[in-house]
Amino acid sequence: MHVDNKYIRSVYLFLFGLGLGAILSCSTQSEKKQKPAGLAKGVFNHLLVATSDYHSGELAWVNLLTAKTERLKVAIHSDAVVRQFLGDSFFYVVNRLGADNILWGDLVTQEVKGQHSVGRLSNPQDITVVNSEEAYVTRLASSKILKMNPRTGAVLKEIDPFANVDEKTAASSDSDGFPEFTWMRVWGNQLLIVMQRLATDEGYIPSNKSQIAILDLQKDSVEKIVTLAATNPVTEIKVWENNLAIGLAGKLGQLDGGIEMFDSELNSLGLITTEEKLGGDIIDCAILSKERGIAIVAKDIYSSKSKTQLVVFQLSDGRVVSTLKDPGTFSLHQLLVDPVRNIFYVADRDRLKPGIWVYSSETLEPLFLEKYDVGLPPYHMILVE
Amino acid sequence: MLRNLQVVLSTLVCFSLFANSQVEPQVLESIEIRAKRHRPRSVEITEHLSQSVAIDVEKNESLKQVLQKNSSVWVETLSQEMAPRISLRGQSGSENRFFLEGVPLTDGQFNADFVGALPMASVGQVDIYPDGSPVGLNSDGLGGALDFQLWGRSRSSLSFKTGNLGFLEAYGRQSLGNEKRWLVLSASKSDENFSYYDDGGTAYNLSDDSFQQRDHNRFVKVGLVPNLPIYESSQFNLRYFGFNSFRQLEIPGSIAVPAFGDLRQIFHLSALKAHYQITPEVSATHLFFSRLNWERFQGMIQSLGNTQPEEIESSDQVFGLKTQLRYALGSPTVVEHNFSLLHESYDKKSSKNRGVERNVRWDIPASVGLKIPMETLAVKPAVLAQFTKVNGAQEQHYFLGSPRLGMTWETPFSIRDLSAESSVGRYFRVPSMIELFGNTNGLSPSEDLRPEHANKWVSSLMMVKGLNSNVFSKWVTRYSFSLAQSEDLIVLVENSQNSRKATNLGRSIIQTHDLNLEFEFLDKFFSQTAGVYTQGKNLSDVSFYSGKKIPNLPNFMMRQQLGYQNSDLGIRYQVQWLGDRYWDMANTKSLSPTSEHSLFLNWNLRKWGFWNLELINIFDTITATSVVSGFALVDNTTGYLGYPAAGRRIYLSWQYEI
């Protein structure tokens, strides 16, 4: 039977086209998986990120609905954290040691509205804006909590955390005279203020205790101080349902810390896990469910082979059940939980290609094989509307 | 410490013996005031384009003034108060190598140079290698090289120099029996405390800006340089030279952090140089030297997450042997062999850590260079190989090679004033010990560090023409093109707010066009236009640096000089433009272009001595506009990134020949 060459050629072409189409469609599908794509609408639809290579600093903006990233035209310090408060369209940047000021601007127009010094070399750590005229600022190199007008920079008050507490609570082996105020969190009518109580003049080693000062926002004074189960709180105060958790690193290089949990009344539930169980110094942590939590831990922190790992631990006994990420370098830096979408973000300061990973809190699998590229390495990220 | 003192004392004793001995030189030459340009004294067979500038006694010029006459040299700072910053044809100053008559002045510990300790009154000529350190100098390095040459002959003279910011310098040059044997003693001081514009860290809020006083910035220095021919004949010369320096300087640290300190430094260099002309075609040069740098620093030391007071005492001691054999391999090919052996030991003791920490390093570079003349063309192949062994926290070995090829070409007949030179090669730099093993002052160890490499190609075209016009008498044009592709560049990367780590991150490509145009007109007037246009790109694997411009590398540098010089009076006006540049690798901070106007005046008042007036940076570009993330700011750090410095400088000097 004679078969026309044209016929055979067209069959080949058809099959070739079919194959090519299949390959292309597969690659498109895998590409979708590789690059970050838009997420479903939630309460918070953007990530605001302070980025830094410790030499230059920038603000980056991730639109979670479109997965587009943008570098804002705002000059920030190379050591800075960022804040935004619900019902407010402004962002606040805490420019830490060397810049020592609070910068605020409009999120929509990206316009800087003001910048106010909080004292040369005072090393501000965090800001909590309670309304347009009142904000609290913690400073590492100060013995007082600063209350200021966030818009004008006017100092309203300086609060001594130990004014209303007994001597035993106030006393510490911390030799520099500063309680080392760091992170803050509003909890009902109270403002929780972390006091690391380090000996900054002796290489930032922790003293015999670290504490949380509880400031009554109505009385505008510290009413109670809670001493933590271990020393050197390094993480922000994390919230899970009605509980709070904080990561305590202890002495760096020694596995003497852990993660302490509190109930809604701020009663300590003790250490839910320890650095010994986690296998490294705590860098950051988060609680994902009743069963499990995650933590970034640092291994061999003082050696040239130091690295960070992202581990999952059981809340029941604190034991590590799996290692989610082990980049082999000291790069994992911060965890941020998005409870509405049931996902969490991991800031990865990788030396060559830094960015933000997105993980499912449920499956503990990364949603995308690539990170959000925010330019410089991400240093501090927050969720904003 | 005792051993170091012994070395210093024994050298001083030796020196005094030499100074008192009366060895008559057997060859007397005419007094050479000006050295020939473009003919370096130290290395004649070189695969690299080389130029040379000499100091004219009668103009009483500073070394910075003299160096700036060379179009390839861009001096940012060359004073005794702070570390010199000299860029050769747009290359990074930290990649350059410095020598004193072939003795390396750059250490293997910090990759830092000791030029700041050298009493400049003893320097009579500088050989400049803008394209690379030639194999004759037998050293690694990616950038260019400057070889300082002491005065060959010197009359006794006395000089005083004064200036703003409390600058005061006095030196005496005493010839000891004859003009080839001399001694320079110099003393200088300055008080660099000055007021500067401080934005208080709140660049967006101008209301709290103010002028601040920059304190902790004083400086005192005493220097002694002996140059003592021991034996001279038509065949054999033996000479001792060296320099000794004591410095005490306050270090104010960066403006943001209250880190300051007090540094005391004793520097000693002794060298014996022997030249043996075995036959008219064969010669050998041997150099034996010992170099000691002792420092005590008391101040604020940065450590992991902290700044604390500490006292650090350190000594860096080098013993080196360099030998060079040169011979004709059948006429007219000339061959040169170089071999060096350097042993460096670095001891450090801190008040926090009582034990002495010692690092030892051996460098054995060897090289061979040929000059093969072929009528109008000369081909100059060369190769340098180096073995380095370092002992610190762990032992490291490096064995590296650098092949090069240089060519010169002179046109025959009617256009014989035209010449062309070209060189191509692969260069390397071995990591310094501090880059490998870190320090307690905020530098983490990086034991896997690889050496830096660069492939470079340079071509130059030069024309020197005497003109018979009534107006123009001489015309010199020089154009150079260079292309440098570097890889594994060692960059100190911040790995926390207070600490850094040396990392092989850098890959870059830099293309440079260098044009120099000189005229002599109306007999005594002259004009020099020098311009460097640079295109540099960071090709690093780091996503946020890749494709960015290289920091602190202006895209253009331009200098125009216009002057008049007769036998007694000279006046020169200079304007220098530096193009915009970035401060940081991420290219978020840029500095606007700056211009600097200067005026120099020299006046020979015969029996009243030689006078020189320098008005540098007349309009004081201490502040300039900079742009950070698209926002224009007033910045006070022009030219001295992260370090405010006084802009305008005025110096008046007087020199009297006895």
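Starting afresh in each chain, residues are numbered from 1 along the sequence in its written order. Here the convention is simple: chains get letters from A, ligands get numbers from 1, in the order in which they are written. Owing to the predicted nature of the model, reporting of local features is limited to residues with pLDDT of at least 70; listing and counting of side-chain atom pairs is limited to 80 or more, with chain, interface and lining totals taken over all residues. Only hydrogens and water are removed before side-chain values are computed, so all heavy atoms of the structure are retained for them.

**Observations regarding the overall build of chain B**
Move 1: Here a strand is any run of E in DSSP of at least two residues, a helix any run of H or I of at least four, and the numbering for each starts at the N terminus. Each helix and strand counted, chain B has three helices and 36 strands in total.
Move 2: The buried share among the 658 residues of chain B stands at 56%.
Move 3: To measure how exposed things are, a 1.4 Å probe is used in the Shrake-Rupley method; for residues, cover is taken only from the protein chains shown. Surface exposure of chain B reaches about 27100 Å², of which carbon and sulfur atoms provide 60%. Type-normalised accessible area, obtained with a 1.4 Å probe on protein chains alone, sets the label of each residue: buried when under 20%, exposed when over 50%, and partly exposed for intermediate values.

**Comments concerning the sheet that holds strand β21 (residues 268-274) of chain A**
Hydrogen bonds between backbone groups are what pair the strands of a sheet, and the pairing can be parallel or antiparallel.
Residues and elements named next belong to chain A.
Move 1: Taking strand neighbours across the sheet as the criterion, the four strands line up as β18-β19-β20-β21 in an open arrangement whose pairing is antiparallel. For this open sheet the edge positions go to β18 (238-240) and β21, each flanked by a neighbour on one side alone. The mean angle between the axes of side-by-side strands here comes to 30°, regardless of whether they run parallel or antiparallel.
Move 2: Alignment of β18 against strand β19 (residues 243-248), held across three bridges, turns out to be antiparallel. For Val-239, the partnering residue across the bridge sits in β19 and is Leu-244. Paired strands are those between which DSSP finds at least two bridges. Each axis is a line fitted through C-alpha atoms, and for a helix only the stretch in contact is used; angles between axes span 0 to 180 degrees, taken between their N-to-C directions.

**Overview of the interface of chain B and chain A**
Move 1: Listed per partner, the contact involves 38 residues of chain B and 37 residues of chain A.
Move 2: Roughly 3000 Å² of surface becomes buried between chain B and chain A when both sides are summed, with 52% attributable to carbon and sulfur atoms.
Move 3: We count a salt bridge whenever a side-chain nitrogen from Lys or Arg sits within 4 Å of a carboxyl oxygen from Asp or Glu. In this structure, the connection of chain B to chain A is made through zero salt bridges.
Move 4: It is strand β26 (residues 500-521) of chain B that contributes the most residues to the side of chain B that touches chain A, three residues altogether.
Move 5: A breakdown of the residues in the side of chain B that touches chain A according to their chemical character gives 15 nonpolar, 14 polar and nine charged. The contact definition used throughout considers only heavy atoms, calling two residues in contact when any of these lie within 4.5 Å. Buried area, as used here, totals the accessible surface that two parts lose on assembly, with accessibility defined by a 1.4 Å probe and the loss added over both. Three residue categories are used. Nonpolar comprises Ala, Val, Leu, Ile, Met, Phe, Trp, Tyr, Cys and Pro, charged comprises Asp, Glu, Lys and Arg, and polar comprises the others, including Gly.

**Thoughts on the pairing of strand β6 (residues 101-106) of chain A**
Residue and element names in this part refer to chain A.
Move 1: The element β6 is extensively covered by neighbouring structure, given that six of its six residues are classed as buried.
Move 2: Residues Asn-101, Leu-103 and Gly-105 line one face of β6 and the alternating positions Ile-102, Trp-104 and Asp-106 line the opposite face, and both faces are buried.
Move 3: By the bridge criterion, six bridges tie strand β5 (residues 90-95) to β6 in an arrangement that is antiparallel. For Tyr-92, the partnering residue across the bridge sits in β6 and is Trp-104.
Move 4: Hairpin remark: β5 followed by β6, antiparallel, with five residues in the connecting loop; positive phi at Gly-98, about 105°.
Move 5: Bridge analysis of β6 against strand β7 (residues 112-117) gives five bridges, and the strand direction is antiparallel.

**Quick look at the side chain of Ser142(A)**
All names here are of chain A.
Move 1: Secondary-structure assignment places Ser-142 in the loop between β9 (134-139) and β10 (145-148).
Move 2: The class for Ser-142 is buried, based on a relative accessible area of 10%.
Move 3: In protein, a polar contact requires one atom able to donate a hydrogen and another able to accept it; more generally it is a pair of N or O atoms within 3.5 Å, and residues adjacent in sequence count only if both atoms are side-chain atoms. Looking at Ser-142, its side chain comes within polar contact range of the main-chain nitrogen of Lys-144, at 3.2 Å.
Move 4: Once residues lying within four places of it in the same chain are set aside, the contact partners of Ser-142 are Phe-178, Pro-179 and Phe-181.

**Here's the deal with unusual backbone geometry**
Move 1: With phi around 45°, Asp300(A) is a residue other than glycine that occupies positive phi space.
Move 2: Examined against the element boundaries, Asp300(A) turns out to sit in the loop between β23 (292-299) and β24 (307-314).

**Quick notes on the sheet that holds β6(A)**
Residues and elements named next belong to chain A.
Move 1: The antiparallel open sheet is built from four strands, whose spatial order is β4-β5-β6-β7. Taken across any chain shown, the strands that pair with only one partner, and hence form the sheet edges, are β4 (80-84) and β7. With strand direction ignored, the average angle separating the axes of adjacent strands in the sheet is 20°.
Move 2: When β4 meets β5, the two strands line up antiparallel, connected through five bridges. Residue pairing across strands places Ala-80 opposite Asn-95, the latter belonging to β5.

**Focus on the packing of aromatic side chains**
Residues and elements named next belong to chain B.
Move 1: Stacked, tilted and edge-to-face are the three classes assigned to paired rings of Phe, Tyr and Trp, where Trp is represented by its six-membered ring and a pair needs centres within 6.5 Å; plane angles under 30 degrees give stacked, over 60 edge-to-face, the rest tilted. A complete count under the given rule lists 20 aromatic pairs over all chains for this structure.
Move 2: Judged by centre distance (6.1 Å) and plane angle (55°), the ring pair of Phe-472 and Phe-521 falls under tilted. Remark: Phe-521 occurs in strand β26 and Phe-472 occurs in strand β25 (residues 472-494); sequence separation between them is 49 residues.
Move 3: Classification of Phe-521 as buried rests on a relative accessible area of 19%.
Move 4: The interplanar angle of 20° and the centroid separation of 5.8 Å between the aromatic rings of Phe-521 and Phe-525 together place this pair among those described as stacked.
Move 5: Take Phe-525: its relative accessible area is 33%, and that puts it in the partly exposed class.
Move 6: Ring pairs connect the aromatic residues Phe-472, Phe-519, Phe-521, Phe-525 and Tyr-564, which therefore count as one cluster.
Move 7: Sitting over a ring, as applied to charges here, requires NZ of Lys or CZ of Arg to be within 6 Å of the ring centre and within 35 degrees of the ring normal. Over the aromatic face of Trp-74 sits the side chain of Arg-559, whose NZ or CZ is 4.4 Å from the ring centroid.

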